[in-house]
Structure formats: structure tokens, C-alpha cells
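This is what each chain is made of:
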Amino acid sequence: MRTSITIKQEPTNISHIFFGIASSTKTWPKRRPYVDLWWQPNVTRGFLWMDEKPSENETWPENSPPFRVSGNTSSFKYTCTYGSRSAIRIARIVKETFELGLHNVRWFVMGDDDTVFFTDNLVTVLSKYDHNQMYYVGANSESVEQDVIFSYAVAYGGGGFAVTYPLAVELARILDGCIDRYAQLYGGDQKVQACISEIGVPLTKEPGFHQVDIRGNPFGFLVAHPVAPLVSLHHLETVDQLFPNLPKFESISKLVGAYKMDPGRILEHSFCYDLKRNWSVSVSWGYSVQLYLSLLTAKELERAVGTFQTFGSLSDGPFVFNTRPVSSDPCGRPVLFFLDRVENVGAVQTRSTYTRYGDALGKECGRLDLVGVLDVIQSVNVSAPYFTPNLWKKVYPLP
């Protein structure tokens with residue numbers, strides 16, 4: 001008689017995830033605030049990988065990740081004429097992290113020192129997958145021109161990517177040889193993906209990882225977030241501030257503050273209608289409310305408004321998602337409200353308040369009948385129950 005025993009493992013949590021963060025002595029002083037926004041001492045696990053040891057006169061901050069110095073890469077080939085040899089060091093971070101022999105790690109997550117991770121949502125996403133199998137999880141660039149150049153098969157490193165422990169085992173075994181075989185590739189993330197393709201593991205795309213390969217005003221991009229948990233944001237130094245009248249870092253900090261109040265709901269997009277006035281209301285929770293003075297279809301409201309340009313050529317597109325132009329008709333533009341605060345209401349819900357930005361559109365669009373009405377609307381309150389992670393299973397079934 002044969003007896004089999006099934007041991008049920010606990011669900012994946014933040015302690016099962018180990019971060020490898022690419023940094024350098026040049027970039028770290030400027031970018032440290034981005035990492036400190038999401039890093040939780042004694043909760044998150046990981047290392048900041050530096051190109052050299054920081055000055056001994058510098059006291060390493062207690063609230064930042066501990067650092068390691070990357071190994072020497074001078075013996076490796078690099079033939080990309082328009083790139084930097086630092087790509088080799090960055091590619092090897094996943095290998096060097098794995099080889100530390102860490103305990104109780106299910107996932108290795110790579111990112112940059114200007115990547116802002118939303119760790120509760122990262123756990124929600126990764127916990128869908130069987131960590132005992134080989135998975136490579138991340139997302140492409142938002143700009144088609146970047147994907148054409150660098151591949152649609154790559155999980156872009158600035159947005160972050162995750163590999164399971166079993167995949168890391170095989171990747172660490174072949175990576176160094178792979179780096180030389182793919183000496184012509186530009187970036188570390190490209191080199192890692194090329195090696196993973198030799199193992200036979202495809203990219204599993206998760207739309208909450210964001211490289212943010214855009215320029216200009218990110219408003220239209222953020223308010224049309226896909227129906228997925230927000231996992232990461234990158235390149236926040238190269239776009240305009242997220243909130244008007246706030247410096248860049250304070251803008252990001254404000255968004256992160258809203259996220260901490262209800263992690264699963266941040267940037268989630270919903271809309272409703274006032275059929276008495278024929279108005280459309282579009283809510284991007286924790287960020288903005290848009291009030292349109294006409295009835296727009298759901299198909300229109302779910303598309304990103306083109307307030308931004310492509311990362312490389314500064315063009316109006318194309319992107320890997322649909323966009324719509326900013327209306328040339330003043331009556332077609334929304335009245336904008338931006339987050340002021342989020343409050344707990346009892347134990348089951350929040351109330352977020354959004355204050356109006358700029359003047360109302362009544363005079364500008366010739367709707368004098370609306371001037372008095374819109375002047376009265378100075379803020380919008382949104383009440384919402386706390387978002388439970390299990391709700392995502394209704395959107396994206398378990399693989």
C-alpha cells in the first residue's frame with residue numbers, strides 16, 4: 001500500500017520575495033528617496049547592488065536596503081556600440097543574488113534604484129503563480145518604438161521583473177556564458193531574457209509593472225490604468241510631476257501615501273454618469289477625478305488621453321495601448337480634480353477627497369448655464385470599501 005502526504009504551503013508573502021536593486025555610487029545619493037518610499041526595514045528583503053564600495057566616510061542609512069558590491073565584469077564581452085558595459089553588471093545581479101544561498105526565497109525581483117515598487121500589490125500578483133515552477137514575470141515598454149528595438153519578449157528592468165527560485169537555479173548556471181553569447185545586446189534586461197529564452201521560459205506579462213517609457217505629462221497614462229494591481233513605476237524623474245503645483249518627489253510621495261491607505265485600489269479606474277445633467281464622471285482612485293460635461297461611452301473613457309509622448313522620438317505614439325487625443329473643443333475637456341486626502345471611515349471603507357484644479361470650463365466653452373453650477377463644485381468625495389486582494393481573482397483567473 002502506498003501512502004502520499006500533501007503538505008500545504010502557506011501563501012506567498014513579502015518575506016518570500018528577495019529584491020536585487022541595481023544602483024551605483026553616482027546615482028544612489030540622488031535616487032535614495034525613491035527606494036526609501038517603498039523599502040520597509042525588517043520587512044522587505046534584498047540588497048542594493050553597487051558598482052563600487054561607498055566612501056568609508058559615509059554612514060549607510062539604517063532605513064535603506066543593505067548594499068553589496070558587484071563582482072568584476074572586465075572579462076566579459078560587450079560589443080554594443082551605443083550602450084554601456086554596466087549592462088553586464090546589472091544582468092549578473094540576479095545570479096549574484098541567487099548565489100548568496102538565501103533561505104526561504106520563492107521569488108527574486110529585480111529593479112532599479114529609481115523604481116518605486118508597490119509591494120502589497122507585488123505579493124498579490126506573484127502569489128497567483130506556482131513558485132515551484134519556472135516563471136519569468138514582468139511587462140514590456142509602453143512605447144512601441146522601444147519594444148521594436150529591444151524586443152516584445154523582454155520584461156523591462158526598470159519596471160521590474162520577477163523570476164521564481166527554480167528558474168533562478170537554471171539562470172545562474174548558464175548566465176555568464178550567455179552574457180558573452182549575447183555581447184551585442186544593449187541592456188542587462190535584454191541579456192537576462194535572452195538567457196531565459198535558452199531555458200525555454202516565455203515572459204508572463206503582468207500589466208501592473210510599468211517601465212513608464214513616456215515623456216511629458218503622465219496624467220493621461222495614470223488615469224487610464226489597466227484593470228490590474230499597480231506593481232511598479234519607473235522613470236519618474238523623466239516625466240512631469242504627477243500632481244500639479246507639487247514638486248516631483250512630493251507628488252510621488254502623495255501617490256504612495258494614498259496607496260498605503262488601500263493598496264489594491266490605487267489608480268483603479270471606474271466611471272459613472274449623472275443622467276439628469278448628462279455628465280460623465282471618471283475616477284482614478286487615489287489620484288484624480290475627471291468631470292466631463294457630456295456623456296462619453298465606456299469605450300472612450302477607458303482609453304488613455306494623450307497628454308504624453310513616446311520615450312525616444314517624443315512622438316504622439318504609437319503605444320502598446322489605445323489613446324485618444326486631448327480634445328480641441330473646450331467643452332470636450334474635463335473639469336479636473338486631484339487628490340487632497342484619504343481618510344478611514346470606520347473599519348470597512350475609505351473616503352477620498354479630490355479638489356478642483358484650475359477654473360471651471362463654463363465660460364471657456366460657451367456654456368454660460370454651467371458657470372454657476374461648476375463654480376459650486378470645488379471638491380469631490382469618493383467613498384469606497386476596502387479592496388480585498390481576492391477580488392483580483394475575478395479579473396485574472398489563476399494560471
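Residues numbered from 1 in each chain as written. Predicted model: local features only at pLDDT ≥ 70, side-chain atom pairs only at ≥ 80, totals over all residues. Heavy atoms only, no water.

## A short note on the overall build of the protein chain
(1) Moving on: Counting its regular elements, the protein chain contains 11 helices and 19 strands.
(2) Moving on: Projected onto its principal axes, the C-alpha positions of the protein chain cover 70 × 65 × 45 Å.
(3) Moving on: Taken across its 399 residues, the protein chain has 52% of its residues classed as buried.
(4) Moving on: Considering only residue pairs separated by 6 or more positions, the protein chain has 67% of its internal contacts joining residues 24 or more positions apart.
(5) Moving on: With an accessible surface of roughly 18600 Å², the protein chain has 52% of that area assigned to carbon and sulfur atoms.
(6) Moving on: For the protein chain, the distance from the average position of its 38 positive side-chain charges to the average position of its 40 negative side-chain charges is 4 Å. (Helix = DSSP H or I, 4+ residues; strand = E, 2+ residues; numbered from the N terminus. Buried < 20%, exposed > 50% of the residue type's maximum accessible area, 1.4 Å probe, protein only. Contact = heavy atoms within 4.5 Å. Areas by Shrake-Rupley, 256 points an atom, 1.4 Å probe, with all protein chains shown as cover. Lys, Arg positive; Asp, Glu negative; His and termini not counted. Charge placed at Lys NZ, Arg CZ, Asp CG, Glu CD.)

## Side note on the packing of aromatic side chains
(1) Moving on: This model, assessed by the stated rule, comprises 31 aromatic pairs.
(2) Moving on: Seen from their ring centres, Trp 38 and Trp 39 are 5.7 Å apart, and the 75° between their planes marks the pair as edge-to-face. Note on accessibility: Trp 38 and Trp 39 belong to one class, buried.
(3) Moving on: Across from the ring centre of Trp 279, 5.3 Å away, lies the NZ or CZ of Arg 277, which sits over that ring. (Phe/Tyr/Trp six-rings, centres within 6.5 Å; stacked < 30°, edge-to-face > 60°. Lys NZ or Arg CZ within 6 Å of the ring centre and 35° of its normal.)

## Section: the side chain of Thr 350
(1) Moving on: Relative to the assigned elements, Thr 350 resides in strand β18 (residues 349-357).
(2) Moving on: The exposure class of Thr 350 is buried, given its relative accessible area of 0%.
(3) Moving on: Dropping the residues within four chain positions of it, Thr 350 is found in contact with Met 261, Trp 285, Val 342, Glu 343, Asn 344, Val 345, Val 382, Ser 383, Ala 384 and Tyr 386.

## Looking at the layout of surface pockets
(1) Moving on: In this structure, the largest pocket encloses a volume near 940 Å³.
(2) Moving on: Every residue lining the largest pocket is counted, 40 residues in all, and those nearest its centre are Ile 90, Asp 112, Tyr 186, Gly 187 and Gly 188.
(3) Moving on: Within the residue set of the lining of the largest pocket, elements represented by two or more residues are β1 (17-22), α2 (86-91), α3 (93-98), β4 (107-112), α5 (144-150) and α7 (188-199).
(4) Moving on: Here the element with the most residues in the lining of the largest pocket is α2; it accounts for five residues.
(5) Moving on: Here the residues of the lining of the largest pocket sort into 15 nonpolar, 17 polar and eight charged. (1 Å grid on protein atoms, 1.4 Å probe; cavity = no way out; pocket = protein on both sides within 12 Å on 5 of 7 lines; lining within 4 Å. Points joined across faces, edges and corners; volume = space filled by probe spheres on them. Nonpolar A, V, L, I, M, F, W, Y, C, P; charged D, E, K, R; others polar.)

## A short note on the sheet that holds β1
Strand pairing in a sheet takes place through backbone hydrogen bonds and is either antiparallel or parallel in direction.
(1) Moving on: Pairing is mixed in the open sheet, where seven strands are placed in the order β3-β2-β1-β4-β7-β6-β8. What marks the edges here is a single partner per strand, and that holds for β3 (67-69) and β8 (203-205). Geometrically, the sheet is characterised by an average inter-axis angle of 25° between neighbouring strands, direction not taken into account.
(2) Moving on: Where helix α4 (residues 119-126) meets the sheet, it contacts β1, β4, β6 (136-138) and β7 (161-164), and its direction lies at approximately 120° from that of β1.
(3) Moving on: Sheet strands in contact with helix α6 (residues 165-181) are β4, β6 and β7, and its direction is about 90° off that of β7. (Pairing = 2+ DSSP bridges. Axes fitted to C-alpha atoms, helices over the stretch in contact; angles between N-to-C directions.)

## So, the pattern of salt bridges
(1) Moving on: Here the structure, examined in full by the defined rule, presents 17 salt bridges.
(2) Moving on: We note a salt bridge from Arg 31 to Asp 113, for which the minimum N-O separation is 2.8 Å. Here Asp 113 lies in the loop between β4 and β5 (116-117) and Arg 31 lies in helix α1 (residues 28-38), a separation of 82 residues in the sequence.
(3) Moving on: For Arg 31, a relative accessible area of 21% gives the class partly exposed. (Salt bridge = Lys/Arg side-chain N within 4 Å of Asp/Glu carboxyl O.)

## Focus: the packing of α6 against α7
(1) Moving on: Between α6 and α7, whose axes approach to 8 Å, the crossing angle comes to 115°. Here α6 and α7 pass one another in a crossing that is right-handed. Facing Leu 167, Glu 170, Leu 171, Ile 174, Leu 175, Cys 178, Ile 179 and Arg 181 of α6, the residues of α7 in contact are Lys 191, Val 192, Cys 195, Ile 196, Glu 198 and Ile 199.
(2) Moving on: Split into classes, the residues belonging to the contact of α6 with α7 amount to 10 nonpolar, no polar and four charged. (Left-handed = near helix turned anticlockwise from the far one by under 90°.)

## Points about the nonpolar core
A general trend in soluble globular proteins is that nonpolar side chains are found buried together.
(1) Moving on: With 73 residues, the main nonpolar core has Ile 17, Phe 19 and Tyr 287 as its most contacted residues.
(2) Moving on: Ranked by the residues each element gives to this core, the list is headed by strand β17 (residues 335-345), at six residues.
(3) Moving on: Residue contacts for Ile 17: discarding those within four places in its chain leaves Arg 45, Trp 107, Val 109, Leu 122, Val 123 and Leu 126.
(4) Moving on: Ile 88, Val 94, Ala 155 and Ala 172 belong to the second-largest nonpolar core, a separate cluster that totals 36 residues. (Core = buried A, V, L, I, M, F, W, Y, C linked by side-chain atoms within 4.5 Å.)

## So, unusual backbone geometry
Keep in mind that most residues, glycine aside, have a negative phi and that most peptide bonds are trans.
(1) Moving on: Omega for the peptide link from Gly 317 to Pro 318 comes to 5°, which places this bond in the cis form.
(2) Moving on: Structurally, Pro 318 can be placed in the loop between β15 (308-310) and β16 (323-324).
(3) Moving on: The residue Val 212 is not glycine, and still its phi comes out positive at about 55°.
(4) Moving on: Relative to the helices and strands, Val 212 is located in the loop between β8 and β9 (214-216).
(5) Moving on: In this model, His 235 sits at a positive phi of 55°, which is unusual for a non-glycine residue.
(6) Moving on: When you line up the elements, His 235 lands in the loop between β10 (232-233) and α9 (248-261).
(7) Moving on: You can call His 235 buried: its relative accessible area is 12%.

Geometric descriptors of this kind do not, in isolation, establish any biological role.
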